[in-house]
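A look at the structure
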Amino acid sequence: MIDRAGLHEWRVIGAARPALPLLLTAGRLATPLRKVPRLGWVVADPVTARTILNDPAHFNLLGEGGVGHMWAQLLGDWVNDVFDGPGHHSLRKQTRDLFTEESAKRLADRVLGPRLAEAGADLAAGRTVDVADLARVLVGRIVADLLHLHTAGTDQSYREIFATGEQLATLALHASTSTHLAPSTITRGREIVARLTANVPEAFRTAPPTTVLGRCRELGVEQQHAQGLSTLLMVAGTETAASAMARIVALLHDTGAQHDVLKDQELIPDAVREGLRVTTPAAAIGRSVTADVTIAGRTLRAGERVLILTHAANNRVGGFSLDRGYLPEQRQLWFGAGRHLCLGAPLARAEIGGLLRMVAGSGRSWTIRGRRYRRRVLIPSYESLPVTLAPAGP
Ligand code: HEM
């Protein structure tokens, strides 16, 4: 039976893409994998998913159905090398320690700390904080910092950055059945990329080595690749992180697990991991088959598409529970696996952990005062999630 927390999660998902709840529910039958008309091979089994993601000899994300196919049309053919060719391996090697747990935490503390403190003070004073809006502002701050964007420093300026990143990601929404983009979409996408990365060339030359772009320069990453990486960081790390932040605050509330976290804040990393499993903001990952291969007795042919339903694979074991612990089959499939494993995973964890520490920091329980779900977006999210704290004790 679906519980209250699960019901809200399905509403978040259905508002983003009305067909997605059906796909994810029916997709659970795709174990280990099943061929579905128009979609190609659908996979909802975590072990099969990982087998595919760890097999670059037979799968990539450059062909029809993969995200690199879309990016090559927007950014240029060099993407083929950097996204999944030999250039990808050297870029990942060079940037391996770009976001460590330590550096990600430092970045989150520096860029988000002051705004989180302000929100914490608002909550403590009895004011309502819209956690979904705050998450977009926080993510906008990170993007502005990483891409050296000049901003007015107001919440509104960061909301606008978030919205621009979202526009770019939304192009992928229309590419969910085909990754061939229309000429008008390519023009619009290129305009957005140019706007968001306008300061990257200068920052690449001048930024101190403590910043991501300065670091890329010191590591010998080519400027064009650093610009591509910047675009990727923004698209991959914007909606996903904001989605997880608000949804995990809601999950802790809806399951009552907030009371455990309020008693013992050491549980916050568990809440982050379990929240990421249940929400799996990147609900599906696409790949194309580059050479015939047999998996679990089924033969996949070169040129076919694979849709890995990570959300279904991660949620097979059940709903949110702080006691669940580490799951060896799922591992951290919400961040993908193999050579494209999320580069920003430590940063995402630091952002979500920072928000949870702020909400739980005073030790007072929180109540959700209303909710709206974001409609027609790539990554299912709350539009608004106003939260208040219980009154302070005597
Ligand atoms: C909760 C937040 C996040 C989730 C759920 C998430 C999820 C993912 C997933 C599933 C992939 C693999 C996609 C594939 O294999 O096709 C990925 C890749 C990536 N993510 Fe994240 N991500 C998050 C946050 C971030 C952040 C904050 C950043 C950086 C600012 C980031 C940067 C990247 C990059 C650069 C890649 C591409 C890596 C490559 O192709 O080698 N992500 N992410």
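Structure: above.
Residues numbered from 1 in each chain as written. Predicted model: local features only at pLDDT ≥ 70, side-chain atom pairs only at ≥ 80, totals over all residues. Heavy atoms only, no water.

A word on the overall build of the chain
In terms of helices and strands, the chain carries 18 helices and 12 strands. Per-residue burial over the chain gives 56% buried out of 394 residues. Here the chain displays about 16,600 Å² of accessible surface, and carbon together with sulfur accounts for 54% of that area. Here the chain holds 46 positive side-chain charges and 37 negative ones, and the gap between their average locations is 4 Å. (Helix = DSSP H or I, 4+ residues; strand = E, 2+ residues; numbered from the N terminus. Buried < 20%, exposed > 50% of the residue type's maximum accessible area, 1.4 Å probe, protein only. Areas by Shrake-Rupley, 256 points an atom, 1.4 Å probe, with all protein chains shown as cover. Lys, Arg positive; Asp, Glu negative; His and termini not counted. Charge placed at Lys NZ, Arg CZ, Asp CG, Glu CD.)

Notes on the sheet that holds strand 1 (residues 33–36)
Spatially, 1-2-8-5-3 is the arrangement adopted by the 5 strands of the open sheet, whose pairing is mixed. Each edge of the sheet is formed by a strand with only one pairing partner; in this case those strands are strand 1 and strand 3 (59–60). This element, helix 3 (residues 46–53), spans strand 2 (40–43), strand 3, strand 5 (285–289) and strand 8 (305–308) of the sheet and lies at about 130° to strand 8. (Pairing = 2+ DSSP bridges. Contact = heavy atoms within 4.5 Å. Axes fitted to C-alpha atoms, helices over the stretch in contact; angles between N-to-C directions.)

As for helix 4 (residues 67–75)
Each full turn of the α-helix corresponds to 3.6 residues, which orients residues three or four apart in the same direction. With 8 of 9 residues buried, helix 4 is to be regarded as a mostly interior element. Every buried residue of helix 4 is accounted for by G68, H69, M70, W71, A72, Q73, L74 and L75. Positive phi appears at G76, one or two residues downstream of helix 4, with a value of about 120°.

Notes on helix 1 (residues 4–16)
Between its first and last C-alpha, helix 1 extends 19 Å over 13 residues, near the 18 Å set by a 1.5 Å rise per residue. Every buried residue of helix 1 is listed here: A5, G6, H8, E9, V12, I13, G14, A15 and A16. Of the surrounding secondary structure, the elements contacted by the buried residues of helix 1 are helix 2 (20–27), helix 14 (239–255), helix 16 (268–279), helix 17 (310–315), strand 10 (372–373) and strand 11 (382–384). (Expected span 1.5 Å × (residues − 1).)

Quick notes on the site of the ligand
By nearness alone, 25 residues border the ligand, and H88, R92, R287, H340 and C342 come closest of all. A distance of 2.7 Å is found between an oxygen atom of the ligand and a side-chain nitrogen or oxygen belonging to R287. Those elements giving two or more residues to the shell around the ligand turn out to be helix 6 (86–94), helix 13 (223–237), helix 14, strand 5 and helix 18 (345–360). Counting residues per element, the shell around the ligand draws most heavily on helix 13, at 4 residues. Tallied by class, residues from the shell around the ligand come to 15 nonpolar, 6 polar and 4 charged. (Near = heavy atom within 4 Å. Polar contact = N/O pair within 3.5 Å; in protein donor to acceptor, adjacent residues only side chain to side chain. Nonpolar A, V, L, I, M, F, W, Y, C, P; charged D, E, K, R; others polar.)

Considerations on the packing of aromatic side chains
The final tally for this structure, using the stated rule, is 1 aromatic pair. A centroid spacing of 5.6 Å and a plane angle of 35° characterise the contact between Y373 and Y382, whose relative ring orientation is tilted. Each of the two residues, Y373 as well as Y382, counts as buried. (Phe/Tyr/Trp six-rings, centres within 6.5 Å; stacked < 30°, edge-to-face > 60°.)

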